[in-house]
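What follows is each chain in one-letter form.
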Amino acid sequence: MISLAEILAILALLAAALALAAFVYLWRETRRLRRDLRRFDPVLQTLHRDLRVIAGESFHRGQDRVMLINALERLADQQQEMRLEMRMRDADQSPYAQAIKLIRSGQSREQVRRLCALTDAELELLFGLHGHGIGGECASDRLSDTGS
């Protein structure tokens, strides 16, 4: 019959054998992983290099986008300034200026009203100031006609 000491010794030997097998397995796996790492290292370096290039391009595209946005904002500001300038230049083309041109060219009140969308009071004033002696009726002429 096997004594307790012998059983413990056998168990100790089995444990040592298992530990040795585990050590050999881990040692082999470590060697395999190192080999794989050496094989993949150039690939990883290439990927790392490519990633840096992509990140750099992304940064430059971001800068380009900011520059484009700034340029568009400047263009919008310039366009607004040009519109204001055009309005200032076209002030001569206001309904009053157009009406004065029409009155001086001999157009009737109704035609000036229709083309320039002016009120009766505005028409009275413009015809009174600019219609005298050009075939248009002056405000003073109409007053004298109604007062007689």
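Whatever comes next refers back to the structure up there.
Calculation criteria
- Counting restarts for each chain: residues are numbered from 1 in the order of the written sequence.
- Side-chain atom pairs in this predicted model are given and counted only at pLDDT of 80 or more, local residue features only at pLDDT of at least 70, and totals for whole chains, interfaces and linings cover all residues.
- Hydrogen atoms and water are omitted, and side-chain values are computed over all heavy atoms in the structure.
- Patch definition: residues above 30% relative accessible area lacking any salt bridge, with like charges linked at up to 9 Å and the nonpolar side chains Val, Leu, Ile, Met, Phe, Trp and Tyr linked at up to 5 Å.
- Working definition of accessibility: Shrake-Rupley area with a 1.4 Å probe, residue cover restricted to the visible protein chains.
- Whenever a carboxyl oxygen of Asp or Glu lies within 4 Å of a side-chain nitrogen of Lys or Arg, that contact is scored as a salt bridge.
- Strands here are runs of E lasting at least two residues and helices are runs of H or I lasting at least four, both read from the DSSP assignment and numbered beginning at the N terminus.
- Relative accessibility thresholds used throughout: buried, under 20% of the residue-type maximum; exposed, over 50%; partly exposed, between the two (1.4 Å probe, protein chains only).
- In this description, one arc is meant: the one made by directions from the helix axis to the C-beta atoms.
- Contacts are residue-level and defined by heavy atoms, with any inter-residue pair within 4.5 Å sufficient.
- The axes are straight lines fitted to the C-alpha atoms, using for helices just the contacting stretch, and the angles between their N-to-C directions are given from 0 to 180°.
- To sort the angles, those under 35 degrees are grouped as roughly parallel, those over 145 as roughly antiparallel, those from 65 to 115 as roughly perpendicular, and the leftovers as oblique.
- The sense of a crossing depends on the near helix, which, turned anticlockwise from the far helix by less than a right angle, makes the crossing left-handed and, turned clockwise, makes it right-handed.

Overview of a nonpolar patch on the surface
Inference 1: Taken together, the side chains of I2, L4, I7, L8, I10, L11 and L14 present a nonpolar region at the surface, about 690 Å² in accessible area.
Inference 2: Note on placement: L4 falls in helix α1 (residues 4-89).
Inference 3: Look at L4 and you get exposed, because its relative accessible area is 61%.

Re helix α3 (residues 109-116)
Side chains that are three or four residues apart share a direction in an α-helix, a result of its 3.6 residues per turn.
Inference 1: Those residues of α3 that fall on the buried side of the exposure criterion are R109, V112 and C116. Considered in projection along α3, the buried side chains sweep an arc of 65° and stay on one side of the axis.
Inference 2: Downstream of α3 by one or two residues, A117 has phi in the positive range, about 55°.

Looking at helix α4 (residues 120-130)
Inference 1: For α4, the set of buried residues is L123, L126 and F127. All buried residues of α4 project into a common sector of 95° when viewed along the axis, lining one side. For α4, the exposed residues set more than 90 degrees away from the buried face come down to A121, L125 and L129.
Inference 2: For α4, the elements touching its buried residues are α2 (95-104) and α3.

Observations concerning the packing of α3 against α4
Inference 1: Between α3 and α4, the shortest axis-to-axis distance is 11 Å and the interhelical angle comes to 120°. Taken together, the axes of α3 and α4 are oblique relative to one another. Considering how the two elements wind past one another, α3 and α4 form a crossing that is right-handed. From α3, R109, V112 and R113 reach across to α4, where they touch D120, L123, E124 and F127.

Observations regarding the pattern of salt bridges
Inference 1: On inspection of all chains with the given rule, the structure shows six salt bridges.
Inference 2: Among the salt bridges present, the one from E29 reaches R32, with a minimum N-O distance of 2.8 Å. Taken together, the residues span about one helical turn, with E29 and R32 both in helix α1 at a distance of three residues.
Inference 3: Judged by its relative accessible area of 33%, R32 is partly exposed.
Inference 4: The partner of D36 in a salt bridge is R32, with the nearest N and O atoms 3.0 Å apart. With D36 and R32 both in helix α1 and four residues apart, the pair spans about one turn of that helix.
Inference 5: Each of the salt bridges in this network shares a partner with another, and the network as a whole consists of E29, R32, D36 and R39.

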